[in-house]
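Next come the chains, spelled out residue by residue.
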Amino acid sequence: MIMASTYDLREACYTSPSGKKFYFEYDSNLSSETDLKTATFTFPDRDGALVVPLGLGGRKFSFSCKFYGFNCLVKANQFEEGLKERGYGELVHPLYGVHKVVPTGSISHSDDVVSGINVSSVSVTFAETLIDVSVINSEIVSVDEIKSDVENFEKKSTLEYVKDFVSDRIQDAVWAANMFKKGLRIATDSLEKIARAEKNIAAKWENIQFELFNSIDSLVTAADDVAIQTVKLIRLPATTLITAGEKIEAYASAIREIISDFKNNPANITNAKNQWAATRLMLNSLVTAVAGGVAVTDSSSSVSFKSREEAVKAATDIAELYDEVIEYEEKNVDKDYFVETGEGYDSMRDVVSNSIQHIIDSSFSLPSRKSIILGEDRQIVELVYELYGNLNRLDEFIVDNNLNYNEIEVIPMGREVAYYV
């Protein structure tokens, strides 16, 4: 077994986006993590699954960075400031080479004032990133661009549904209308709570629902109206001024309920086509709505992200929902009667990609969530004033750290607390 000798190791260094270099020591157990991108396909008449490799995702490097000496705390604080800079940095890893990276997750700073004098530790995870000059130099995607993409999706997905809808026989049209109503009720049940978070949104929600369900009864002659109203209804709850997490949770529930309810066994090919056209319209509308809704409303003071980590999580969750829907749709496309994705798919992709880029770009201006482990008992007022320079965020600090009654008086040594910088 070949072991890496000290002569094989590089000096660990992080260069921040502004060009500042930070050298640090580290724990002896070095590791990296790489995401493998795959697609899994299962077949009803066969056990097992076909797993298709799709390449590699990003690589992650976690460190407990050590700073020694009488000025270790100053070095650690300066390092943290470098981690919070907006943009892309460079990591010289002791074993795994040089990588363009972005610090991710939470920054954890600990100082042992008893047995660890003259040692400061900062834990952070660096995520490798692809650097594209055109992306770095591009302007942040504006809210107006996203709204335009959403309107384009409404038009394209409506045209796509009308094109795919088949109404040769009355009994098929009746079956399609009943199936459409069932799927729509599944979606509205999941979105009902957040749709009623604001009175003006709730009133519009009621009106559109009433008109839409009446229109579905005349689906043969009103397919375009039904599709337009469906997109508008599904998008409405995403415009409420609630947190991104609440929106994503509600829309994820609607997506998974619709997928779970879908049965690929209608009586004939016409019914199968109509079922798929309606299901795809609803799934694509749900993904588009939550992506655009989170991106457009994140600038409101009442729902804005508190930290960079919160914004990145929202963007990641939206991307995962999008992947979930795309994987499901591609798995169900069949040459006999399921229709291939078209312009509706393209316009959905534009909304999602631009929304995620807007969220990520905007996140660089947000504070980072920092956690520390207390080396001694602390009075909460004294601690909050030390962290923020005032007591304006005292209540937020209590709620965010879920402090109990006793901890509000004195936060004990060893307790981990978080704040935003």
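Let us now look at unusual backbone geometry. Positive phi is not limited to glycine here, since Asn402 has a value of about 50°. For Asn402, the position within the fold is in the loop between helix 12 (394-400) and helix 13 (405-409). With relative accessibility at 64%, the residue Asn402 sits in the exposed group.

In this structure, the second largest pocket spans a volume of roughly 510 Å³. Along its surface, the second largest pocket is lined by 24 residues, and Leu73, Asp111, Ile372, Arg378 and Glu386 are the ones closest to its centre. At the level of secondary structure, the elements contributing two or more residues to the lining of the second largest pocket comprise helix 1 (72-83), strand 6 (97-110), strand 7 (119-128), strand 8 (369-373) and helix 11 (380-388). Its residues assigned to classes, the lining of the second largest pocket shows eleven nonpolar, seven polar and six charged.

Structurally, Thr270 can be placed in helix 8 (residues 269-297). Residue Thr270 is classed as buried on the basis of its relative accessible area, which comes to 18%.

Moving on, we get to the pattern of salt bridges. Under the definition given, this model contains 23 salt bridges. Glu386 is the partner of Arg378 in a salt bridge, and the nearest nitrogen-oxygen pair spans 2.6 Å. Residue Arg378 is classed as buried on the basis of its relative accessible area, which comes to 12%. Glu386 gets classed as exposed once you look at its relative accessible area, which sits at 52%. In this structure, Glu407 and Arg415 form a salt bridge, with 2.8 Å as the shortest nitrogen-oxygen distance.

Turning our eyes to something else, we now look at the nonpolar core. Of all hydrophobic cores here, the largest spans 72 residues; its most connected members are Tyr161 and Tyr251. Mapped onto this core, the elements with two or more residues apiece are helix 3 (143-164), helix 4 (170-195), helix 5 (199-216), helix 6 (223-235), helix 7 (244-261), helix 8, helix 9 (308-332) and helix 10 (343-363). Considering each element in turn, this core owes the most residues, 13 residues, to helix 8. Those residues in contact with Tyr161 that lie beyond four places of it in its chain are Phe180, Leu219, Ala223, Ala227, Ala277, Ala278 and Leu281. Formed by 19 residues, the second largest nonpolar core is a distinct cluster that contains Ala12, Leu30, Phe63 and Val101.

Let us look at the packing of aromatic side chains. Under the counting rule described, the total for this entry stands at 13 aromatic pairs. When the centroid spacing of 6.4 Å and the interplanar angle of 85° are considered together, the rings of Tyr14 and Phe79 count as edge-to-face. Here the residue Tyr14 occupies a position in strand 1 (residues 13-15), and Phe79 occupies one in helix 1, the gap between them amounting to 65 residues. With respect to burial, Tyr14 and Phe79 carry one shared label: buried. Note on Phe63 and Phe126: the rings are 6.3 Å apart at their centroids and 65° apart in plane angle, and the pair reads as edge-to-face. Linking Phe63 in strand 4 (residues 46-68) with Phe126 in strand 7, this pair joins segments that are 63 residues apart in sequence. With a relative accessible area of 0%, Phe126 lands in the buried category. Every member of this aromatic cluster is reached through a ring pair, and the members are Tyr14, Phe22, Phe24, Tyr26, Phe63, Phe67, Phe79 and Phe126. Against the face of Tyr96 rests Arg59, its NZ or CZ located 5.0 Å from the ring centre.

Next up on the list: empty space enclosed by the protein. By the definition in use, this model includes two cavities of 30 Å³ or more. In this structure, the largest cavity encloses a volume near 60 Å³. Every residue lining the largest cavity is listed: Ser157, Glu160, Tyr161, Asp164, Ala277, Arg280, Leu281 and Asn284. Broken down by secondary-structure element, the contributors of at least two residues to the lining of the largest cavity are helix 3 and helix 8.

Here we come to a nonpolar patch on the surface. Taken together, the side chains of Val381, Tyr385 and Leu391 make up a nonpolar region of the molecular surface, amounting to roughly 280 Å² of accessible area. Along the chain, the position of Leu391 falls in the loop between helix 11 and helix 12.

On the surface, a cluster of negative charge is contributed by Glu320, Asp323, Glu327 and Glu330. Its place among the elements puts Glu330 in helix 9.

At a minimum axis separation of 10 Å, helix 3 and helix 8 run at an interaxial angle of 175°. Between helix 3 and helix 8, the angle falls in the class roughly antiparallel. Along its contact with helix 3, which presents Val143, Ile146, Lys147, Phe153, Ser157, Glu160, Tyr161 and Asp164, the element helix 8 presents Asn274, Ala277, Ala278, Arg280, Leu281, Asn284, Ser285, Thr288, Gly292, Ala295 and Val296. Looking at the contact of helix 3 with helix 8 residue by residue, the class counts come to nine nonpolar, six polar and four charged.

Definitions and limits used
Residues numbered from 1 in each chain as written. Predicted model: local features only at pLDDT ≥ 70, side-chain atom pairs only at ≥ 80, totals over all residues. Heavy atoms only, no water. Helix = DSSP H or I, 4+ residues; strand = E, 2+ residues; numbered from the N terminus. Buried < 20%, exposed > 50% of the residue type's maximum accessible area, 1.4 Å probe, protein only. 1 Å grid on protein atoms, 1.4 Å probe; cavity = no way out; pocket = protein on both sides within 12 Å on 5 of 7 lines; lining within 4 Å. Points joined across faces, edges and corners; volume = space filled by probe spheres on them. Nonpolar A, V, L, I, M, F, W, Y, C, P; charged D, E, K, R; others polar. Salt bridge = Lys/Arg side-chain N within 4 Å of Asp/Glu carboxyl O. Core = buried A, V, L, I, M, F, W, Y, C linked by side-chain atoms within 4.5 Å. Contact = heavy atoms within 4.5 Å. Phe/Tyr/Trp six-rings, centres within 6.5 Å; stacked < 30°, edge-to-face > 60°. Lys NZ or Arg CZ within 6 Å of the ring centre and 35° of its normal. Patch = residues over 30% accessible without salt bridge, like charges linked within 9 Å, V, L, I, M, F, W, Y side chains within 5 Å. Areas by Shrake-Rupley, 256 points an atom, 1.4 Å probe, with all protein chains shown as cover. Lys, Arg positive; Asp, Glu negative; His and termini not counted. Charge placed at Lys NZ, Arg CZ, Asp CG, Glu CD. Axes fitted to C-alpha atoms, helices over the stretch in contact; angles between N-to-C directions. Parallel < 35°, antiparallel > 145°, perpendicular 65-115°, else oblique.

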